[in-house]
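Tertiary structure, described
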Amino acid sequence: MKKYLFLAAMVAALVSCSQESEPTQKKQVSFSVSAFTVNQQPMNLPCRAPILDDSDGQALTDLYLFDGKTLLVHQTSDQDDFGTISLQLDFGQHSLSFVATRSDGLSYENGILSCTSLRPYFGKLLALNVDASTGEQNVVLQRVTGMLIVNIEDAVPANCAKVNYAIATRYTDLNVETLAGVNGAAWNSDVSYTNKVGLTNQSVNLNLLAATYGTAYTTTVTITAYNSGNTIIAQKVVENVPINSNVKTTVSGSLFTGNGFSISANHTWGDAESVPY
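For the structure given in this document, a descriptive report is provided here. (Residues numbered from 1 in each chain as written. Predicted model: local features only at pLDDT ≥ 70, side-chain atom pairs only at ≥ 80, totals over all residues. Heavy atoms only, no water.)

1. Things to note about the overall build of the protein chain
Across its full length, the protein chain carries one helix and 20 strands. When contacts within the protein chain are restricted to residue pairs at least 6 apart in sequence, long-range pairs at least 24 apart make up 66% of them. Roughly 13,600 Å² of accessible area belongs to the protein chain as shown, and the carbon and sulfur atoms make up 49% of that amount. (Helix = DSSP H or I, 4+ residues; strand = E, 2+ residues; numbered from the N terminus. Contact = heavy atoms within 4.5 Å. Areas by Shrake-Rupley, 256 points an atom, 1.4 Å probe, with all protein chains shown as cover.)

Listed below in structure tokens is the structure:
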């Protein structure tokens, strides 16, 4: 009996040792993030990797690759291989997220990519099953951010010192697993108008994330003008303003006269606007 017990113990030990020492199968996988699209139109920009620029010619500075919430790679535009990623991945299913941006003050924690100043984001979700036959992957990014344009059409009066632009809910934090905006909060900013007296069609442009990627949410936009004594001289509140990924939403109208503001959405993302914030 003791002999059989001894043999059984040896077999169990050998099986355990074999299981512990068996290496996880891995595959070297390369990703070429060579272009992005806006509404499915490829931007064949004349540079080593088109991802270096967004559609208004500004250089994208950071490229991230995540597997779920795990950050696998962070490249910056000063690297020679920016836009090309090669790494070892375990065999099996992976939920990959690619994110490129030129936002300022970037930080990452537990699935959320944050910034101090939101600029355009481009991204791609890729479900990839890695096996022995997995080859190079060509990844095409699409615009994740939308844009809000607020345009004051009428002439700025002499007593206007500044205009405050306020958004009831603005998303600037990105959930990398869904490419959706999270942690929405009220936002506002003052813009000096002392040098704009008499000018018309003064606008500001803001990047925003959608609460659900590709689905519009609505918010309230308030435009308030002040004189040098910080007294309100004009104000307009525009409700139910839709914000969506890859869509320019324009709120325009007269602030200093009796006419109201209207809302329009450009789903084709036409000529790019400057981004002052």
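2. A look at the pairing of strand 19 (residues 248–253)
Of all six residues making up strand 19, five are buried, and the element is well covered by its neighbours. In this structure, strand 11 (residues 146–152) lies alongside strand 19, joined through six bridges in parallel fashion. The partner of Met-147 across the bridge, within strand 19, is Lys-248. Relative to strand 20 (residues 261–266), strand 19 runs antiparallel, the two sharing six bridges. Bridge pairing links Thr-249 to Ala-265 in strand 20. (Buried < 20%, exposed > 50% of the residue type's maximum accessible area, 1.4 Å probe, protein only. Pairing = 2+ DSSP bridges.)

3. Comments concerning the sheet that holds strand 20
Reading across from one edge, 16-11-19-20 is the order of the four strands in this open sheet, with mixed pairing throughout. Every other strand in the sheet has two partners, leaving strand 16 (202–208) and strand 20 as the edge strands with one partner each. With strand direction ignored, the average angle separating the axes of adjacent strands in the sheet is 15°. As judged from the seven bridges shared by strand 11 and strand 16, these two strands associate in the antiparallel manner. (Axes fitted to C-alpha atoms, helices over the stretch in contact; angles between N-to-C directions.)

4. Re the pattern of salt bridges
In this structure the tally under the stated criterion is three salt bridges. A salt bridge links Asp-90 to Lys-26, with the nearest nitrogen and oxygen atoms 2.5 Å apart. Of the two residues, Asp-90 is situated in strand 5 (residues 84–90) and Lys-26 in strand 1 (residues 26–38); the sequence distance between them amounts to 64 residues. Here Lys-26 falls in the partly exposed class, since its relative accessible area comes to 46%. The partner of Lys-162 in a salt bridge is Asp-190, and the shortest N-O contact between them spans 3.4 Å. In this pair, Lys-162 is assigned in strand 12 (residues 162–170) and Asp-190 in strand 15 (residues 185–192), connecting sequence segments 28 residues apart. (Salt bridge = Lys/Arg side-chain N within 4 Å of Asp/Glu carboxyl O.)

5. Focus on unusual backbone geometry
You will see that Asn-110, though not glycine, has its phi angle at about 50°, which is positive. Within the fold, Asn-110 resides in the loop between strand 7 (107–109) and strand 8 (112–114). Located in the positive-phi region is Asn-240, a residue other than glycine, with phi close to 55°. Residue position: Asn-240 is located in strand 18 (residues 232–243). By relative accessible area, which is 55% here, Asn-240 ends up exposed.

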